[in-house]
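Coordinate analysis (summary)
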Amino acid sequence: MQRREFFKKSFAAASALALADTLGASETRQPIDNRKVSSIAFPEKRPLITYSDRPPLLESPRETFSRAITPNDEFFVRWHMPEIPTHIDPATYKIHINGAVERELHISLDSLKLDFEQVEVTAVLQCGGNSRSAFTPTAGGIQWGHGAMGCAKWKGVRLRDLLSRAGLKKDAAWIGFNGLDNAAYYETPNFVREMPLEDLDDHVIVAYEMNGEDLPYLNGYPLRLVIPGHYSDSWVKMLSNITVTTEYQKLFFMDVAYRVPDNDCECETPENRFKPTKPITTMNVKSIIGYPTNNTIVHHNTHLVVRGVAFDDGHGIRDVLISTDGGKTWGTALLDKDAGRYAFRAFRYAIKPTKMGKLTIMAKAINRLGAEQPFAHEIKWNHGGYKFNGIDAVTVEVI
Amino acid sequence: MKILLTALVLTASALMAQVNEPVEVPYIAYEIKTGKGFDAVQANCLTCHSFGYIINQGPQARAFWLEKTVKMVDAFKAPITPEDVQSIAEYLFTYYGNGEEK
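Bear in mind the structure is a predicted one, so any value in this text is a computation, not a measurement.

1. Some points on the overall build of chain B
On a plain count of helices and strands, chain B comes out with 6 helices and 0 strands. Taken from N to C terminus, the helices and strands of chain B fall in the order α-α-α-α-α-α. Buried positions account for 37% of the 102 residues belonging to chain B. Put simply, of all contacts in chain B between residues at least 6 apart along the chain, 60% involve residues at least 24 apart. A total accessible area of about 6,400 Å² is found for chain B, and carbon and sulfur atoms account for 62% of it.

So, in structure tokens, the structure goes:
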């Protein structure tokens, strides 16, 4: 048994290599999808795909995406810095607001919950580098499959309300966010983020609750920023400081990381890097099949219900289309009820496979502006491996 | 009765308060190949993150590994001597290389 499994594995590895060989310079394909969850569970989490323990990097497996809400214990985890406090006292925790404001504020968790209007938003949190393993040659950075994303119902207070209480000075222009995580080495740039004041709208919240529970420790307990429609690079965790400035501060994680070529295709080649660059900001339209998964065995002449989730940056999903003939013809999936424009829209589509052998199922989302997902191989390379949104495909075995 | 109720509500929502002690994040021993140059890797590449970061990149070209090692010094200010940078890049290509120069 063990031997057979070993052969199976080495065969899969060999064919992955062969595939990589046939790809020319700077192309894309389906991201890596055969990684297994670890045998070790992290605090408040089920075992997830585990790239690093320090700092913790955990990915949700594909199965997670057959539901519109991602359970807290299956939600992906992404930190940049290794020194993360392991104990937080909710009774004494304070968030500090300072800089170009009339009054500095130091707000406790209790005051946050009592003295401000409480608001909720269901929103997708997706890493800009989600699905990065689709890019060849390898775009440096964590080689995520599809699971560096999730959707939760966040509860907290509006960032705008906090800033109004502090009173913005006339020349205020940027808002800086810092969490309690720290670099191990004093000269390493910390993970500090900045937002231009004009990006501030009523949807941006400082959240303390996720799906009706306190934020899990690994998702940023006790407070994190939630910026619906935007990639998660600025959703700062363990948020402790909000500093308003009149000028942009030069920061590594703003100036170098999380940027794409500033041209129409947001693309370049490894030989010809494109400068200038721009921040990744809002999410493009995307869908992922949660069920079935690659290599699921299904019976012929039996109904198979394909399930998954679709989302964009807040315009909302108009349609999800399914193809079982490599994208030549498409059928329209049923969409579940709308949980808000920033949320996952769950979809389902019943098929009845009649032919034995391999069957590839594809899903393509179209948003209300008419923007649709391109095929995976049509996506152009960028050096950071950001914003992949190729049409998803899973291949099942019909017996 | 009322007091009891609020107490219940509080414990039900405040998970971290329930466990009022430090969180333990498990340690994972990422299997990494040993060989020429590994000493320099062990001395320099564990300060800021696990070996998981290295392994996760998959087999890569010589230029990729040199660029990454230099990035750790230039962007993240890792205090690594030029000699160690060379032997680390050499090690990475030998054990996690794809045979290509570029």
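2. Examining the sheet that holds strand E11 (residues 193–196) of chain A
Residues and elements named next belong to chain A. Strand order in this open sheet of 5 strands is E6-E5-E15-E10-E11, and the pairing throughout is mixed. On the outer flanks of this sheet lie strand E6 (105–108) and E11, each paired with one strand and no other. Within the sheet, the average angular offset between the axes of one strand and its neighbour, ignoring direction, is 20 degrees. Sheet topology note: the strand E5 (residues 94–99)/strand E15 (residues 239–245) ladder contains 4 bridges and is parallel. Within E15, the residue paired with Asn98 across the bridge is Thr243.

3. A look at the side chain of Thr69(B)
Residue and element names in this part refer to chain B. With respect to the helices and strands, the residue Thr69 is situated in helix H5 (residues 62–74). Classification of Thr69 as buried rests on a relative accessible area of 5%. Discounting chain neighbours no more than four positions away, the residues touching Thr69 are Val85, Ile88, Ala89 and Leu92.

4. Focus: the state of the cysteines
Residues and elements named next belong to chain A. Summed over the entire model, instances satisfying the criterion amount to 1 disulfide over all chains. Across the disulfide from Cys265 sits Cys267; the S-S distance is 2.0 Å. With the S-S dihedral at roughly -75 degrees, the linkage between Cys265 and Cys267 falls on the left-handed side. With relative accessibility at 42%, the residue Cys265 sits in the partly exposed group.

5. Description of the domain arrangement of chain A
All names here are of chain A. With domains assigned, chain A is organised as domain 1 (1–282) and domain 2 (286–398). Averaged C-alpha coordinates put domain 1 and domain 2 at centres separated by 24 Å. Counting residues at the interface gives 51 residues for domain 1 and 36 residues for domain 2. Taken together, the two surfaces of domain 1 and domain 2 that pack against each other cover about 3,600 Å², and 60% of this comes from carbon and sulfur. Between the two partners, domain 1 and domain 2, sit 2 salt bridges. The partner of Lys387 in a salt bridge is Glu266, and the shortest N-O contact between them spans 3.1 Å. The tally of links from domain 1 across to domain 2 stands at 18 residue pairs in polar contact (both at pLDDT 80 or more).

6. Remarks on the environment of Glu59(A)
Residue and element names in this part refer to chain A. Examined against the element boundaries, Glu59 turns out to sit in strand E3 (residues 56–59). Classification of Glu59 as buried rests on a relative accessible area of 4%. A sequence separation of 68 residues divides Glu59 from Cys127, and the C-alpha atoms of the two residues are 11 Å apart. A polar side-chain atom of Glu59 sits 2.6 Å from a polar atom in the side chain of Tyr51.

7. Topic: the interface of chain A and chain B
Size of an interface: often given as the accessible area lost when the parts come together. Contacts between chain A and chain B engage 37 residues on the former and 32 residues on the latter. Contact between chain A and chain B buries roughly 2,900 Å² in total, counting both sides, with carbon and sulfur atoms accounting for 59%. For the interface between chain A and chain B, the tally reads 0 salt bridges. When contributions to the side of chain A that touches chain B are tallied by element, the ones reaching two or more residues are strand E2 (49–53), E3 and helix H4 (252–255) of chain A. For the side of chain A that touches chain B, the element with the most residues is E2(A), which contributes 4 residues. Of the residues assigned to the side of chain A that touches chain B, the class counts are 19 nonpolar, 10 polar and 8 charged.

8. Let's talk about the confidence of the model for chain A
For chain A, the mean per-residue pLDDT works out to 92, and 94% of the residues sit at or above 70. Confidence drops under pLDDT 50 across residues 1–23 of chain A; counting only partners more than four residues distant or on other chains, this segment forms 4 contacts.

What counts as what
- Residues numbered from 1 in each chain as written.
- Chains lettered and ligands numbered in written order.
- Predicted model: local features only at pLDDT ≥ 70, side-chain atom pairs only at ≥ 80, totals over all residues.
- Heavy atoms only, no water.
- Helix = DSSP H or I, 4+ residues; strand = E, 2+ residues; numbered from the N terminus.
- Buried < 20%, exposed > 50% of the residue type's maximum accessible area, 1.4 Å probe, protein only.
- Contact = heavy atoms within 4.5 Å.
- Areas by Shrake-Rupley, 256 points an atom, 1.4 Å probe, with all protein chains shown as cover.
- Pairing = 2+ DSSP bridges.
- Axes fitted to C-alpha atoms, helices over the stretch in contact; angles between N-to-C directions.
- Disulfide = S-S within 2.5 Å.
- Domains from an automatic or database assignment.
- Buried area = accessible area lost by both parts, 1.4 Å probe.
- Salt bridge = Lys/Arg side-chain N within 4 Å of Asp/Glu carboxyl O.
- Polar contact = N/O pair within 3.5 Å; in protein donor to acceptor, adjacent residues only side chain to side chain.
- Nonpolar A, V, L, I, M, F, W, Y, C, P; charged D, E, K, R; others polar.
- pLDDT = per-residue confidence, 0-100.

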